[in-house]
Amino acid sequence: MRALFIQQDHVSPIGPIGDAFGGRGYDIDQLLVVPEEAHHSPSVTVSFPDPSQYDVIVAMGAPWSVYDHGRIGSWVLDEIAFLRSAHDAGVPILGICFGGQALAAALGGSVVASDRPEIGWTLLQSDRPDLVEEGPWFEWHHDRWVLPAGVTAIASTDVAEQAFVVGRSLGVQFHPEMTPAMLEGWLSNGGDAQARAHGVDPDRLRAETAANAEAATGRSQRLVERFLDHVVSVVAATDTAARALR
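Reading guide: rules and limits
- Residues numbered from 1 in each chain as written.
- Predicted model: local features only at pLDDT ≥ 70, side-chain atom pairs only at ≥ 80, totals over all residues.
- Heavy atoms only, no water.
- Pairing = 2+ DSSP bridges.
- Helix = DSSP H or I, 4+ residues; strand = E, 2+ residues; numbered from the N terminus.
- Buried < 20%, exposed > 50% of the residue type's maximum accessible area, 1.4 Å probe, protein only.
- Phe/Tyr/Trp six-rings, centres within 6.5 Å; stacked < 30°, edge-to-face > 60°.
- Right-handed = clockwise from strand over helix to strand, strands pointing away.
- Polar contact = N/O pair within 3.5 Å; in protein donor to acceptor, adjacent residues only side chain to side chain.
- Contact = heavy atoms within 4.5 Å.
- Salt bridge = Lys/Arg side-chain N within 4 Å of Asp/Glu carboxyl O.

Caption draft 1: Up close: the sheet that holds strand 8 (residues 153-156). Across the sheet, which stays open at both edges, the 8 strands sit in the order 2-1-3-4-10-9-8-6 with mixed pairing between neighbours. Across the chains shown, the open sheet's two edge strands, defined by having one partner strand only, are strand 2 (27-34) and strand 6 (125-126). Relative to strand 3 (residues 56-59), strand 1 (residues 2-9) runs parallel, the two sharing 4 bridges. In the sheet register, Leu 4 faces strand 3, and the bridge partner there is Ile 57.

In structure tokens, the structure reads:
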């Protein structure tokens, strides 16, 4: 089994999410979209592979907005088209933060600015705690998706919807992959100033992330396992049974 991780930038590693897929027997390929030298000028050219080569695709987070085509260039439209092609081909997708927003856009939804950002460890209201636990999960976003018609969120906060399922795919707004090292990478690449601008103390984020690290790794492991067991496998089995009756 092969999993493709789309790593949007150099300071957003796959972390415990990658470990969880590896623990389930997946060979992992990584596609880095914006390399370190282009981080502050992210309008790059990217060649996305044939999604049918993979058994699952994981689209990670990014510091940019899905709708900011003028700044980040055409690759985001290419990524949206890639995710749409993968979904149409029945390849499961796990979209995380930016990746979840891009998945929503690929399926006919949109992405807009939130009324206010969410930064830090946050509890969710979940209608599917068997799939998405209430957390706390790490949030860092200032945009939110608008889901396509007929798709309903399964988790939310008072700021934004936090999770949805469509077919064999799951989108989440939070960051299950967060680790103390990943947070340091964000803070040292502009996140420190951004957090302070929104009244968030970076040292508090560090302390809370360190305190949550072990439990958060367990939650991320369970999220991947439940995604594979309750979304990917169950829907695939249902489709196989339906074809057998035709």
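That covers the picture; the talk isn't over yet.
Caption draft 2: Highlighting helix 4 (residues 98-106). For helix 4, a buried count of 9 out of 9 residues is recorded, marking the element as mostly surrounded by other parts of the structure. Within helix 4 the residues assigned to the buried category are Phe 98, Gly 99, Gly 100, Gln 101, Ala 102, Leu 103, Ala 104, Ala 105 and Ala 106.

Caption draft 3: Focus on the packing of aromatic side chains. Scanning the model with the defined rule gives 11 aromatic pairs in all. Aromatic side chains Trp 145 and Phe 164 sit 4.8 Å apart centroid to centroid with 80 degrees between the ring planes, which places their arrangement in the edge-to-face category. Here Phe 164 lies in strand 9 (residues 161-166) and Trp 145 lies in strand 7 (residues 137-146), a separation of 19 residues in the sequence. We classify Phe 164 as buried; its relative accessible area is 1%. Taken together through their ring pairs, the aromatic side chains of Trp 121, Phe 138, Trp 140 and Trp 186 make up a single cluster.

Caption draft 4: View of the pairing of strand 1. Across the 8 residues that make up strand 1, a large majority, 7, are buried. Both strand 1 and strand 2 contribute to a ladder of 7 bridges, which runs parallel. Opposite Ala 3, over in strand 2, you have Ile 28 as the bridge partner. Read as a crossover between parallel neighbours, the route from strand 1 over helix 1 (residues 15-23) to strand 2 is right-handed.

Caption draft 5: Seen up close, the side chain of His 141. Along the polypeptide, His 141 turns up in strand 7. Of the polar contacts made by the side chain of His 141, one reaches the side chain of Glu 118; its length is 2.6 Å. A polar contact of 2.7 Å, which involves the side chain of His 141, links it to the backbone oxygen of Asp 143. Sequence-distant contacts of His 141, defined by excluding residues within four places in its chain, comprise Cys 97, Ser 114, Pro 117, Glu 118, Ala 160, Gln 162 and Gln 173.

Caption draft 6: Quick look at the pattern of salt bridges. What the rule picks out here adds up to 10 salt bridges. One salt bridge connects Arg 226 with Glu 133, and the closest N-O pair in it is separated by 3.1 Å. With a gap of 93 residues between them, Arg 226 in helix 6 (residues 202-244) and Glu 133 in the loop between strand 6 and strand 7 connect regions that are remote in the sequence. Ionic contacts of the salt-bridge type, sharing partners, join the residues Glu 133, Arg 222 and Arg 226 into one network.

Read these as spatial facts, not as claims about activity.
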